[in-house]
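Here is how the chains run, residue by residue.
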Protein chains: 2
Amino acid sequence: MKGIRQLAEHLDISIGTVSRALNGKPDVNEETRRRVLVAAEELGYVANQSGRSLRQGTTNVIGLMIESSKETTENGDNFFLGLTGGLQSVLSRHKLDLIMLPCPSDEDPHEYLKRMVARRVVDAMIISATQRIDKRIDLLSRTKIPFVTLGRSASGSNYPWIDLDFDGVANSAVDRLVAHGHRRIAIAAPSNDINLGFIFLDGYRHALERHGIAFDPSLVIRVKSSEQGGYQAAHEILLLEDRPTAVILIYELMAIGLYRRLTEAGVIPGRDLAVIGFREEPRAKFLQPTLTCFRMSLPDLGVELAETLLATMPAYSHFYPEGARNCIWPLELVPGESDGFHLGNNGQRRQ
Amino acid sequence: MKGIRQLAEHLDISIGTVSRALNGKPDVNEETRRRVLVAAEELGYVANQSGRSLRQGTTNVIGLMIESSKETTENGDNFFLGLTGGLQSVLSRHKLDLIMLPCPSDEDPHEYLKRMVARRVVDAMIISATQRIDKRIDLLSRTKIPFVTLGRSASGSNYPWIDLDFDGVANSAVDRLVAHGHRRIAIAAPSNDINLGFIFLDGYRHALERHGIAFDPSLVIRVKSSEQGGYQAAHEILLLEDRPTAVILIYELMAIGLYRRLTEAGVIPGRDLAVIGFREEPRAKFLQPTLTCFRMSLPDLGVELAETLLATMPAYSHFYPEGARNCIWPLELVPGESDGFHLGNNGQRRQ
DNA sequence: CTGAAAGCGCTTACAG
DNA sequence: CTGAAAGCGCTTACAG
């Protein structure tokens, strides 16, 4: 089966009627519609997307841009695959398809996005890993293509975003540690320009302030967002003269490398150094002592992202009357042993 | 900037010349070409993909279908992201873009593929997770869309595929275990219809045969391809009356669950039960005792997949004169402690 | 309820 | 070397 023309010929009716029947337009005789649907199914006809898109001006495809940096792939980040289910559950209600657009690691993300947008392969975009200054946001705003970002940025203004509650994480982690007597609390923050590092740092400073603890820049350890980064962070902490008694990590995989370096040095997490990890991660699940970290639902976040995106699209916004919310996505503390909270202040196990 | 018409008007030349200049056709005055390229860059013009595709009959997009089953995403499989770099390094040579098509978990993969193919959103497809009987292969063959599968199947005939060397893994794992005195060797195989389970089982049976060991069906433990599956496998092994002394796993994440269950039972891998894992995985890297497993390069596999695919596409096959090879992708043994090989046959550490 | 026709944005023979 | 025109496969006013 080639095109709608062949199908129409086979049924001996006009292509206009075939098209209307297939697209569920109301003004079609029900018997005609039935015949068309049966024949289409039989002959395996599905409308050519380029023809549709060109005529309609929409592709019915939503793009999820993935930055497949070496770091991400080496560390096996399953974050995006975790989002797709939730995204699709919403998009499929509107017959929209989701495609993932992996930006080659040797291509500039901005250039890549520009190309994809200009070619009009998608009706809307979801981007993530926002930088503090992120030209992609200006680009998307300028071209007026609907989009939502996972992650805030200092770029743009009044654009739809959703972000994790880094502030909340910083607060509850610091509170928890301070309640246990810690005053020297380090953080391992990403060394690149990704915005979450800045947001977390802010939250951390404010939390310290609330407790009347002076901010010490030497306790902000900047490392790569990876296992290796965690290893490096532990290494630097061990070298500090006035060593911190606690550390908060800002990337899920850091804990693994950090544990490794600590273990090499005979430093036991939870006993000798309190550790609070970031997002709960299957891979960090088997660390001993168990890691105190934060839990969130990736599929639910996917749903939220999709709904926020659709709320910005004229053709769908009436389904989502709340409009595009700038949502701070909550994380829930999962207590483990790594912050020594199960021990009393004297280091003995609580009863 | 909207379309080629606006760009042509702005330059005061015809759209045909603009198109030819942009597409690098030879018969264009170099000065004209320069002006066109400059103006396009300036005004951010990029050809609308639907227009191009409709006219040319090709999309210049290659699709990588992803099955995002719950198992896969929950377990955070980074397999596909690991492939993209290699795939893109080849595809970009030909100005082809890679998109990932995640099949919703509630949609039948065959129906999903059918829809994507019929809509002509891609010029060619890469599919994976082939089943023993996989209708997708017949579908793709029938519709004559170029494709390559990652994984063999009993379906179809003479189609391009690449698969991991399960036979080689089975052989070298069994050989290694037998050399160490094991005669009762279990395998933990996937319980679904995925073809690799059958291929591995065959390899395992032949390897046993070579060593004159009778095949015992009770030693084939069928579980899910996940951490949980590994846990379940260990559980079932522990319940066996005539317990095996060794087990070979056929999915990378099983080792983690298996270790957990063994540890609960006080059974130490390498000492009380020899364990050989499948693909080396960052997450399994920190298991103690270290896991004996098999290493492969995902990026290189991506390159191979892309080249095999292009060899089947008329427009590109002359670049890849070797044609579409049915390639068995090798894996290399990475010795660890989990199979007790570092110990002598008497259980003492070797010198 | 159906058909004939226009036109979405492009590329590519064809003519000059 | 350039322009005018056809046509890729569809959807959608418009007319009947």
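Bear in mind that the values here come from a model prediction, so they are computed numbers and not experimental data.

## A word on the pattern of salt bridges
Turning to step 1, where the next piece is worked out: Tallied over the entire structure, the rule returns 34 salt bridges over all chains.
Turning to step 2, where the next piece is worked out: The partner of A:Arg152 in a salt bridge is A:Asp163, and the shortest N-O contact between them spans 2.8 Å. A residue pair is termed long-range when its members are at least 10 positions apart, and A:Arg152 in the loop between strand S4 (147-150) and strand S5 (161-164) and A:Asp163 in strand S5 qualify at eleven residues. One exposure class covers both A:Arg152 and A:Asp163, and it is buried.
Turning to step 3, where the next piece is worked out: Via salt bridges that share partners, A:Asp97, B:Glu107, B:Arg115 and B:Arg119 belong to a single interconnected network.

## What to know about the protein's contact with DNA strand D
Turning to step 1, where the next piece is worked out: Neighbouring DNA strand D are 27 residues, the closest being A:Ile4, A:Ser19, A:Tyr45, A:Arg55 and B:Thr32.
Turning to step 2, where the next piece is worked out: At 3.1 Å from a phosphate oxygen of DNA strand D is found a side-chain nitrogen or oxygen belonging to A:Lys25.
Turning to step 3, where the next piece is worked out: In this structure, a base oxygen belonging to DNA strand D sits 3.1 Å away from a main-chain N or O atom of B:Arg55.
Turning to step 4, where the next piece is worked out: Counting residues per element, the ones that place at least two in the surface near DNA strand D are helix H2 (15-22) and helix H4 (49-56) of chain A together with helix H2 (15-22) and helix H4 (49-56) of chain B.
Turning to step 5, where the next piece is worked out: Looking at the surface near DNA strand D element by element, the count peaks at five residues for H4(A).
Turning to step 6, where the next piece is worked out: The residue makeup of the surface near DNA strand D, split by class, is eight nonpolar, eleven polar and eight charged.

## Overview of the relation of the copies chain A and chain B
Turning to step 1, where the next piece is worked out: Structural alignment of chain A on chain B gives an RMSD of 0.1 Å, achieved by rotating through 180° and translating 0.0 Å along the axis. Read as a symmetry element, the transformation amounts to a two-fold axis.
Turning to step 2, where the next piece is worked out: Taken as a fraction of all interface residues of chain A, those also at the interface in chain B reach 100%, which identifies the copy contact as same-surface.

## Brief notes about the interface of chain A and chain B
A common measure of how large an interface is: the accessible area buried when the components associate.
Turning to step 1, where the next piece is worked out: The partner chain B presents 44 residues to the 44 residues of chain A that form the contact.
Turning to step 2, where the next piece is worked out: Between chain A and chain B, a total of about 3,700 Å² is buried, with carbon and sulfur atoms accounting for 61% of that surface.
Turning to step 3, where the next piece is worked out: By the criterion of area lost to chain B, the three top residues of chain A are A:Leu81, A:Arg119 and A:Phe286, representing 17% of everything that side buries.
Turning to step 4, where the next piece is worked out: Taken together, the connections running from chain A to chain B amount to four salt bridges.
Turning to step 5, where the next piece is worked out: Notably, a salt bridge pairs A:Arg115 with B:Asp97, separated by 3.1 Å at the nearest N-O pair.
Turning to step 6, where the next piece is worked out: Of all the elements in the fold, those that place two or more residues in the side of chain A that touches chain B are H4, strand S1 (61-67), helix H5 (70-74), helix H6 (79-91), strand S2 (97-103), helix H7 (109-118) and helix H12 (254-264) of chain A.
Turning to step 7, where the next piece is worked out: Residue composition of the side of chain A that touches chain B, grouped by class: 20 nonpolar, 13 polar and eleven charged.

## What to know about the pairing of strand S7 (residues 220-223) of chain A
Residues and elements named next belong to chain A.
Turning to step 1, where the next piece is worked out: In the sheet, strand S6 (residues 185-190) pairs with S7 via four bridges, with the strands oriented parallel. Note that in S7 the partner of Ala188 across the bridge is Ile221.
Turning to step 2, where the next piece is worked out: Assessed by its sense of winding, the connection that carries the chain from S6 through helix H10 (residues 195-210) to S7 is right-handed.

## Regarding the domain arrangement of chain A
Turning to step 1, where the next piece is worked out: The domains assigned to chain A are domain 1 (4-47), domain 2 (61-159 + 297-329) and domain 3 (166-296).
Turning to step 2, where the next piece is worked out: Taking only C-alpha atoms into account, the centre of domain 1 of chain A sits 35 Å from that of domain 2 of chain A.

## Observations concerning the nonpolar core
Turning to step 1, where the next piece is worked out: Membership of the largest hydrophobic core comes to 170 residues, with the highest contact counts inside it found for A:Tyr204 and B:Tyr204.
Turning to step 2, where the next piece is worked out: Here A:Tyr204 is in contact with A:Ala170, A:Val174, A:Ile185, A:Ala186, A:Ile187, A:Phe215, A:Leu219 and A:Val220, once residues within four sequence places are set aside.
Turning to step 3, where the next piece is worked out: Formed by 40 residues, the second largest nonpolar core is a distinct cluster that contains A:Cys103, A:Phe147, B:Met65 and B:Tyr159.

## Considering a negative patch on the surface
Turning to step 1, where the next piece is worked out: Negative charge collects at one region of the surface, where A:Glu41, A:Glu42, B:Asp108 and B:Glu111 lie side by side.
Turning to step 2, where the next piece is worked out: Residue position: B:Glu111 is located in helix H7 (residues 109-118).

## Things to note about the side chain of A:Asp339
Turning to step 1, where the next piece is worked out: Along the chain, the position of A:Asp339 falls in the segment after strand S12 (332-334).
Turning to step 2, where the next piece is worked out: A polar contact is formed between the side chain of A:Asp339 and the side chain of A:Thr292, at a distance of 3.1 Å.

## Overview of the UniProt feature "domain: HTH lacI-type" (unreviewed entry) in chain A
Turning to step 1, where the next piece is worked out: Per the UniProt entry, the sites bearing "domain: HTH lacI-type" (unreviewed entry) are residues 2-56 of chain A in this numbering.
Turning to step 2, where the next piece is worked out: Secondary structure within residues 2-56 of chain A divides into 69% helix and 0% strand; the distance between the first and last C-alpha atoms comes to 20 Å.

## Digging into the environment of A:Leu87
Residues and elements named next belong to chain A.
Turning to step 1, where the next piece is worked out: Of note, Leu87 is situated in helix H6.
Turning to step 2, where the next piece is worked out: Judged by relative accessible area, Leu87 falls into the buried class, the value being 0%.
Turning to step 3, where the next piece is worked out: Counting along the chain gives 68 residues from Leu87 to Ser19, while the straight-line C-alpha distance between them is 29 Å.
Turning to step 4, where the next piece is worked out: Apart from residues lying up to four places away in sequence, Leu87 is in contact with Leu64, Leu98, Ile126, Gly302, Val303, Leu305 and Ala306.

## Considerations on the protein's contact with DNA strand C
Turning to step 1, where the next piece is worked out: Lining the immediate surroundings of DNA strand C are 27 residues, of which A:Thr32, B:Ile4, B:Ser19, B:Tyr45 and B:Arg55 lie closest.
Turning to step 2, where the next piece is worked out: Taking the atoms of DNA strand C that fall within 4 Å of the protein, sugar and phosphate contribute 61% of them.
Turning to step 3, where the next piece is worked out: Residue A:Thr17 places a side-chain N or O atom 3.0 Å away from a phosphate oxygen belonging to DNA strand C.
Turning to step 4, where the next piece is worked out: Here a phosphate oxygen of DNA strand C sits 3.1 Å away from a polar atom, N or O, in the main chain of A:Asn29.
Turning to step 5, where the next piece is worked out: Contributions of two or more residues to the surface near DNA strand C are made by H2 and H4 of chain A together with H2 and H4 of chain B.
Turning to step 6, where the next piece is worked out: Among the elements that make up the surface near DNA strand C, the one with the highest residue count is H4(B) (five residues).
Turning to step 7, where the next piece is worked out: Its residues assigned to classes, the surface near DNA strand C comprises eight nonpolar, eleven polar and eight charged.

## Overview of the sheet that holds strand S8 (residues 246-249) of chain B
All names here are of chain B.
Turning to step 1, where the next piece is worked out: Across the sheet, which stays open at both edges, the six strands sit in the order S7-S6-S8-S9-S10-S12 with mixed pairing between neighbours. Each edge of the sheet is formed by a strand with only one pairing partner; in this case those strands are strand S7 (220-223) and strand S12 (332-334). Between one strand axis and the next, the sheet turns through 20° on average, direction left out of account.

## Here we look at the sheet that holds S6(A)
Working definition: the strands of a sheet are paired by backbone hydrogen bonds and lie parallel or antiparallel to each other.
Residue and element names in this part refer to chain A.
Turning to step 1, where the next piece is worked out: The mixed open sheet is built from six strands, whose spatial order is S7-S6-S8-S9-S10-S12. The open sheet has two edge strands with one neighbour each: S7 and S12. The sheet shows a mean angle of 20° between the axes of neighbouring strands, direction not considered.
Turning to step 2, where the next piece is worked out: Of the pairings in the sheet, the one linking strand S10 (residues 292-295) to S12 comprises three bridges and is antiparallel in character. In the strand pairing of S12, Phe294 is matched with Leu333.
Turning to step 3, where the next piece is worked out: Along the sheet face, helix H11 (residues 227-239) touches S6, S7 and strand S8 (246-249) and points at about 145° away from the line of S7.

Cut-offs used in this document
Residues numbered from 1 in each chain as written. Chains lettered and ligands numbered in written order. Predicted model: local features only at pLDDT ≥ 70, side-chain atom pairs only at ≥ 80, totals over all residues. Heavy atoms only, no water. Salt bridge = Lys/Arg side-chain N within 4 Å of Asp/Glu carboxyl O. Helix = DSSP H or I, 4+ residues; strand = E, 2+ residues; numbered from the N terminus. Buried < 20%, exposed > 50% of the residue type's maximum accessible area, 1.4 Å probe, protein only. Near = heavy atom within 4 Å. Polar contact = N/O pair within 3.5 Å; in protein donor to acceptor, adjacent residues only side chain to side chain. Nonpolar A, V, L, I, M, F, W, Y, C, P; charged D, E, K, R; others polar. Least-squares fit on C-alpha atoms with pLDDT ≥ 70 in both. Contact = heavy atoms within 4.5 Å. Buried area = accessible area lost by both parts, 1.4 Å probe. Pairing = 2+ DSSP bridges. Right-handed = clockwise from strand over helix to strand, strands pointing away. Domains from an automatic or database assignment. Core = buried A, V, L, I, M, F, W, Y, C linked by side-chain atoms within 4.5 Å. Patch = residues over 30% accessible without salt bridge, like charges linked within 9 Å, V, L, I, M, F, W, Y side chains within 5 Å. Areas by Shrake-Rupley, 256 points an atom, 1.4 Å probe, with all protein chains shown as cover. Lys, Arg positive; Asp, Glu negative; His and termini not counted. Charge placed at Lys NZ, Arg CZ, Asp CG, Glu CD. UniProt positions renumbered as here; feature names shortened; annotations may be inferred. Axes fitted to C-alpha atoms, helices over the stretch in contact; angles between N-to-C directions.

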